[in-house]
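# Architecture at a glance
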Amino acid sequence: PGARRRIGAVLVVTAAAAASVYAAVSVSRRGKTEANAVCHPNLSHLRHEDGREVLLIGTLPLDLDGASRALVTSSLHVLRPDIVLVEGTWTAGLNAMLFSGSWQLHGVVPARGFNWTDIGDAQPVQIMTQKPKKGWFSFAFGAGSPPPRLPERSLVPLKVRNWAHHLRGSVGTDIAAAVAAASAAGVPVRFLGPEDGGLQGHMMVSMLANQAAMELLGEEHQRGSQMPNTDVDAALRRAEMHVREDGQKWVHDGREETSRSAHRLAEYMTARVPEKLREQLTEHRQARIDGTASRIGESMEAFRKGAVVLSVDQLVAVEEKLVQAGFSFLSQCA
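What counts, and where the lines are drawn
Residues numbered from 1 in each chain as written. Predicted model: local features only at pLDDT ≥ 70, side-chain atom pairs only at ≥ 80, totals over all residues. Heavy atoms only, no water. Pairing = 2+ DSSP bridges. Helix = DSSP H or I, 4+ residues; strand = E, 2+ residues; numbered from the N terminus. Axes fitted to C-alpha atoms, helices over the stretch in contact; angles between N-to-C directions. Parallel < 35°, antiparallel > 145°, perpendicular 65-115°, else oblique. Contact = heavy atoms within 4.5 Å. Nonpolar A, V, L, I, M, F, W, Y, C, P; charged D, E, K, R; others polar. Salt bridge = Lys/Arg side-chain N within 4 Å of Asp/Glu carboxyl O. Disulfide = S-S within 2.5 Å. Expected span 1.5 Å × (residues − 1). Patch = residues over 30% accessible without salt bridge, like charges linked within 9 Å, V, L, I, M, F, W, Y side chains within 5 Å. Areas by Shrake-Rupley, 256 points an atom, 1.4 Å probe, with all protein chains shown as cover. Buried < 20%, exposed > 50% of the residue type's maximum accessible area, 1.4 Å probe, protein only.

### Here we look at the sheet that holds strand S9 (residues 305-311)
- Reading across the sheet, the 6 strands line up as S8-S5-S9-S4-S3-S10 and stay open at both edges, with mixed pairing between neighbours. Every interior strand has two partners, whereas the edge strands, strand S8 (189-191) and strand S10 (327-331), have only one. For this sheet, the mean angle separating the axes of adjacent strands, direction not counted, is 25 degrees.
- Where strand S4 (residues 53-59) and S9 come together, 7 bridges link them in parallel fashion.

What follows is the structure in structure tokens.
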């Protein structure tokens, strides 16, 4: 049946996954073992000509398995920076602390650790007629087939709402870890902007939820009846599994995935996007990178050692801009 088909989407930057952060361990002449570095492909340790140091930490917008949170925590513990710089604004910081569970609001169910499959005794809600396109869940009509009968009510919107809330518990865990580490060390946190920075994970969750609802309701259209709860849960779990698998690639080596992603995006834009719009999008992305690198440089004028938490897809480009500004690449270790 359609509800058991494999999802076919490959998400870009988007999702979370598990990977190990390894420590480089040195043994002193006295025989004592001391961990002196945390190394990872998504780290970039740079040093300016005047001795100032910056560690770039590339993280996932949707950190489902906590890999980015662990990378931030361990890197800051080893580096011991004078300042921690974070992509986005204080709004991103507030969202990160709340959705990660670091802060909680009375009466609001935390996004992390709750059973999203349990909707209690909720009743199906009325739904509107839709014309879903074939996508990640592979639920859609066949070409030229007559419109199937639409169930008057469905539990799909309630299920997807719970699932999306669950996913949001993995948004901003990197920022929350950075804020917590800086607070424990007594060093300042500075938000670098831009206005929408640090919120990419929430946008990703919204896209996933909209696509899931569209395709699952499309399957109900085709069946002419409501899908069993178990089928809906299974489809959403498969979707989450594919997000994790895609995230694994970025956690394993964000640099390689950045190159692949850029190549795929260039091919898509050349084939599908008008030239003028391509130029505008390219200019917008470049302005974002330039702005981030510039604000890092300005922030580091008053500090000797800083750590920067930013989206992994920006790591390489920001690194290149800082090298142009007088920094030199040292290593992929904190």
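### Observations concerning the packing of helix H2 (residues 90-99) against helix H4 (residues 173-185)
- One way to put it is that H2 packs onto H4 with a least axis distance of 8 Å and a crossing angle of 95 degrees. One finds that H2 runs roughly perpendicular with respect to H4. Judged by residue contacts, Ala92, Gly93, Ala96 and Met97 of H2 engage Ile175, Ala176 and Val179 from H4.
- Residues that form the contact of H2 with H4 fall into these classes: 6 nonpolar, 1 polar and no charged.

### Quick word on the pattern of salt bridges
- According to the stated counting rule, one finds 13 salt bridges in the structure shown.
- Here the residues in one salt-bridge network are Asp65, Glu240 and Arg244, joined through shared partners.

### Observations regarding the state of the cysteines
- Evaluation of the coordinates by the stated rule reveals 1 disulfide.
- The disulfide that involves Cys39 links it to Cys333, with 1.9 Å between the sulfurs. Across the disulfide from Cys39 to Cys333, rotation about the S-S bond amounts to roughly 100 degrees, and the bridge is consequently right-handed. In this pair, Cys39 sits in strand S2 (residues 33-39) while Cys333 sits in the segment after S10, placing the two residues 294 residues apart along the sequence.

### Topic: helix H5 (residues 200-223)
- Between its first and last C-alpha, H5 extends 35 Å over 24 residues, near the 34 Å set by a 1.5 Å rise per residue.
- Just beyond H5, the residue with positive phi is Gly224, at close to 75 degrees.

### Observations concerning a nonpolar patch on the surface
- A contiguous nonpolar patch, built from Trp90, Leu94 and Trp103 and spanning about 370 Å² of accessible area, is present on the exposed surface.
- Note on placement: Trp90 falls in helix H2.

### Considering helix H8 (residues 275-299)
- Look at H8: 36 Å from first C-alpha to last across 25 residues, which is about the 36 Å you get at 1.5 Å a residue.
- Listed in full, the buried residues belonging to H8 are Arg288, Ile289, Gly291, Thr292, Ala293, Ile296 and Ser299.
- Elements that come into contact with the buried residues of H8 comprise S4, strand S5 (83-86), S8, H5, S9 and helix H9 (315-324).

### Brief notes about unusual backbone geometry
- A cis amide bond links Gly193 with the next residue in sequence, Pro194, at an omega value of -5 degrees.
- Of note, Pro194 is situated in the loop between S8 and H5.
- Phi at Arg80 is positive, roughly 55 degrees, even though this residue is not glycine.
- Take Arg80: it is sitting in the loop between helix H1 (67-79) and S5.
- Taking the relative accessible area as the measure of exposure, Arg80 reaches 57% and is therefore exposed.

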